[in-house]
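Here are the chains, one letter per residue:
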Amino acid sequence: MNLCTYLERSAREHPDRIAVVDPSGRTWTYRELDETSSRVAGFLAANGVAPGDRVGAIAPKSAEVVATLFGIMKAGAAYVPADYTAPSTRNRTLLADCAVTAVFLDPSCADIVSEWPHERRPVVCWLPGSVETPAEGIAWADAVAAAPLAPSRLAAPEGLAYILYTSGSTGVPKGVKLTHRNATAFVDWCSDEFGPEPTDRFSSHAPFHFDLSVLDLYVSLKHGAALYLVSESLGKTPQDLAAFIATNRLTMWYSTPSILSLLAQFGGLDKLDCSSLRVVQFAGEVFPVKHLRSIVERWPQARFYNLYGPTETNVCTFARIPTPIPPDRTEPYPIGPVCPYCEGIVLDSFNGAEVPFGDEGLLHIAGASLFEGYWGRPTDELFFERDRRRWYSTGDVVREVVGEGYVYVGRRDRMVKRRGYRIELGEIERGLYQHERLREVAVIAVPDASAGVKILAYLTSQPGERPSIVELKVFCGRVLPSYMNPDVFVFLEALPRTSTNKVDYQGLVRLQQPRSAVEAAGASKS
Amino acid sequence: MDNVKDTIRDYILREYLPGESPANLTDETPLRTSGILDSMATLNLVTFLEESFGITIDAHETGIDQFDRIADIAALVAQKKGA
C-alpha cells in the first residue's frame, strides 16, 4: 500500500467532495487535489527528480502544500518537511543532509537557498506566499500549469514516504526515515479505531514536519473527509481557534495537550457550541489532568484518546480516556497498551533484561510502524534483534499496570518534551555556543508546575564580557526555534565538572534546587 | 503611566527574565518580535494585566504590531483605565 493510493481512491469515489479547506477558507475538491498533485509529480519528473529522491517542503500550511506533498510521493520521492520559521541555517543543514534534489519553499524562506555551500543545488520552486517570488527558480503556479498530468510512479510499501527531522543527541538534527508501510499500518488502524466517515471534518493543527500531521492528512483523505488546515498563527490563538472549531463544526481534533490546555483556559468554550466534535486525540507530552478534566467537561460528547509514540515508531500505544474524569484524580492517565501493529517489551535500563511485570524499565517497540533508521547514519546501534524481531528503545521509562497497559514515567536521557516538541538539550547548547561572548554553556531541564518543563541555561563568560539576559533571549530567538528558548539564564564563575572533566549535569540540577527553595522563601516573605 | 510601565516591567523581569537588571529592559525593547515573550507568555501577561488593572483586553488588541513594547502596552492599559 502507498499513501497516494488513499487519495487516488477517494478522488475516484468522491471527486466533488471537499478534500481540503485552506486557512483562507478556499476549498479544494478531491479531483482538484488529485489532479494538481499529479501535475506536481509531472513537474518534478520533468526536472530530473527520480524515484527514491528526497524533496524539501518548507512553507506555511496551504492546500498547495498538501498537493505538493502528494505530488512528491507520486513522483516516487520522499518529502522532507521543515519549520519555515526556523533559522535558515538549520533548514539548509537538514536539506543538505539528505541531499534533496528539489525543494518547495515559501518566498520568505529564500535565505535557505541564497547560498548553497554543498554539492548539487536543488531545483527550487516557490510556493505562493505573501512576499514577492525571488527571480531564481520557478513559481509554483507556473510549474503546475505547465506540467503534464504525470502517471504516478508509486514507491513500493517499503519505499520512503517522508523524512521527519528531530533534534539529535549531538545537537545535529536527525532525519527519521519513514516508509509508506510505516504510515499505512497506523492509518489503517485509525480507520478501525476511530471509524472516520466521508462526512467527517478533520482538524489539521500540527505542522507537517510534526508526526501528528500523519493522522490528520492521511486518515482524513483516505476516508473522503474534509481536512481543515489550521494556520500557524490561528493555531496559537486559543479564542480564535475555539471559534474555528465551532464555526466549521469540526468532528475530529488532534493536537498536543498544550493546545487543548490553552483552549480549556483561554478559548471561551462556555460560549461556543462544539457539540460536533466526536473524537479528540492528543499526543506528544503528558496531559495535566486538571486541564484534561476541564476540556472533557466542555466537550462531554467526544471520545478522548491519549496516543503515544516517538517519531521513530509513530503512535505505538493508545488509551481511551474514561469520562467523566473524577474530580479528585490528579494522576496522569496511562499511555495504554500497544497498538495491534506493534509489540512492546519493558527492559531494565542497565542490564537489558526483561523487568518483572509492574517494574519500571525502558519501553522497546517492534512492529510495522518502526522507522528504517536515520538518514545517513549507521543502523547497527539503533536496533537489536530478539525473537527474530527488530526492537527500538524509545528512551522512555514506563511500567505496566494490569488492565491499563503502560504508565509513562519519564525520559531516560536529556531529551525533553516541551509543548509537544522534542528538544535535545545539546541543540540549545550548540545554539548558545554561537554567541561569541559566552565561554561555557550547559543546559538542563527541570519539572515545572506551570510550564511542564523549565529550561535553564548555565553560562560562563570572560570577566566583564557578560551579555545581558535580554540580549541572550534575543540571540536565542534568532538562532533557535522559539520553543527552545531557555526560561532562565544563570551565570556561574565556572561550570561544575565531574571527575572525568565532563560537565556535571546532576550537579547543576542540585545547584538549581536550593536556589528555587531560596526564591520560594523570598516569595512567601514578600 | 510610569507606575504602569514599572508594573509591567517588574512582571516581565520576574517571570521571563529572572536575574536581569531592570535597566536592560527599556520601554522600547521589542518583547515578542525579539523572542523574549512567546505566545504562552503573552497570554499570561494579558491575564496579569487584566487582573492587576481590572480591565479587559480583547484578542485583536494584542496584535504583534501594537503589543510588542512596554511603552505600547502601558498606553493600552492607560487608555483602558481611562475608558
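Chemist: So what about the overall build of chain A? Which residues, and what values?
Modeler: Scanning chain A for helices and strands turns up 15 helices and 26 strands. In terms of overall size, chain A behaves like a compact globule, its C-alpha atoms giving a radius of gyration of 23 Å where 526 residues would be expected to give roughly 24 Å. Each principal axis of the C-alpha distribution contributes one length, and for chain A these read about 70 × 55 × 55 Å. Among the 526 residues that make up chain A, the fraction classed as buried is 58%.

Chemist: Tell me about the interface of chain B and chain A, and please be specific about residues and values.
Modeler: Each partner contributes residues to the interface: chain B has 18 residues there, and chain A has 16 residues. Across the chain B/chain A interface, buried area totals approximately 1400 Å², and carbon plus sulfur atoms make up 65% of it. Where chain B touches chain A, the interface holds 1 salt bridge. For Arg419(A), the salt bridge is made with Asp38(B), and the minimal N-O distance between the two is 2.3 Å. Linking chain B with chain A are 4 residue pairs in polar contact (both at pLDDT 80 or more). Here the residues of the side of chain B that touches chain A sort into 8 nonpolar, 8 polar and 2 charged.

Chemist: Give me the pattern of salt bridges: which residues, what numbers.
Modeler: Residues and elements named next belong to chain A. All chains considered together, the criterion is met by 23 salt bridges over all chains. Of the charged contacts in the structure, one is a salt bridge between Arg-26 and Glu-64, with a shortest N-O distance of 3.1 Å. Taken together, the positions of Arg-26 in the loop between β1 (18-21) and β2 (27-29) and Glu-64 in helix α3 (residues 63-74) put the pair 38 residues apart, joining distant regions of the chain. With a relative accessible area of 10%, Glu-64 lands in the buried category. A salt bridge links Asp-487 to Arg-418, with the shortest nitrogen-to-oxygen separation between them at 2.7 Å. Taken together, the residues Asp-487 in the loop between α14 (469-479) and β26 (488-491) and Arg-418 in strand β22 (residues 415-418) connect sequence positions 69 residues apart. What makes Arg-418 buried here is its relative accessible area of 5%.

Chemist: Provide a residue-level description of the environment of Asn306(A), including the pertinent values.
Modeler: Residue and element names in this part refer to chain A. One can find Asn-306 in strand β14 (residues 303-308). Given a relative accessible area of 8%, Asn-306 falls into the buried group. Considered as a pair, Asn-306 and Trp-28 are 278 residues apart in the sequence and their alpha carbons are 31 Å apart. Filtering out sequence-adjacent residues up to four positions away, Asn-306 remains in contact with Phe-282, Thr-317, Phe-318, Ala-319, Ile-321, Tyr-333, Pro-334 and Ile-335. In this structure the side chain of Asn-306 is engaged in a polar contact, spanning 3.2 Å, whose partner is the backbone oxygen of Pro-334.

Chemist: Please provide a residue-by-residue account of unusual backbone geometry, values included.
Modeler: All names here are of chain A. A cis amide bond links Thr-323 with the next residue in sequence, Pro-324, at an omega value of -5°. Tracing the chain through its elements places Pro-324 in the loop between β15 (317-320) and β16 (342-347). For Asn-314, which is not a glycine, the phi torsion comes out positive at approximately 55°. Position of Asn-314 relative to the elements: it lies in the loop between β14 and β15.

Chemist: Outline the sheet that holds strand β25 (residues 452-460) of chain A, listing residues and values.
Modeler: Residue and element names in this part refer to chain A. Strand order in the open sheet formed by 3 strands is β24-β25-β26, and the pairing between neighbours is mixed. At either end of the open sheet lies a strand with only one pairing partner, and these are β24 (440-448) and β26. Averaged over neighbouring strand pairs, the angle between their axes works out to 25° when direction is ignored. Where β25 and β26 come together, 4 bridges link them in parallel fashion.

The rules behind the values
Residues numbered from 1 in each chain as written. Chains lettered and ligands numbered in written order. Predicted model: local features only at pLDDT ≥ 70, side-chain atom pairs only at ≥ 80, totals over all residues. Heavy atoms only, no water. Helix = DSSP H or I, 4+ residues; strand = E, 2+ residues; numbered from the N terminus. Rg over C-alpha atoms; globule rule 2.2 N^0.38 Å. Buried < 20%, exposed > 50% of the residue type's maximum accessible area, 1.4 Å probe, protein only. Contact = heavy atoms within 4.5 Å. Buried area = accessible area lost by both parts, 1.4 Å probe. Salt bridge = Lys/Arg side-chain N within 4 Å of Asp/Glu carboxyl O. Polar contact = N/O pair within 3.5 Å; in protein donor to acceptor, adjacent residues only side chain to side chain. Nonpolar A, V, L, I, M, F, W, Y, C, P; charged D, E, K, R; others polar. Pairing = 2+ DSSP bridges. Axes fitted to C-alpha atoms, helices over the stretch in contact; angles between N-to-C directions.

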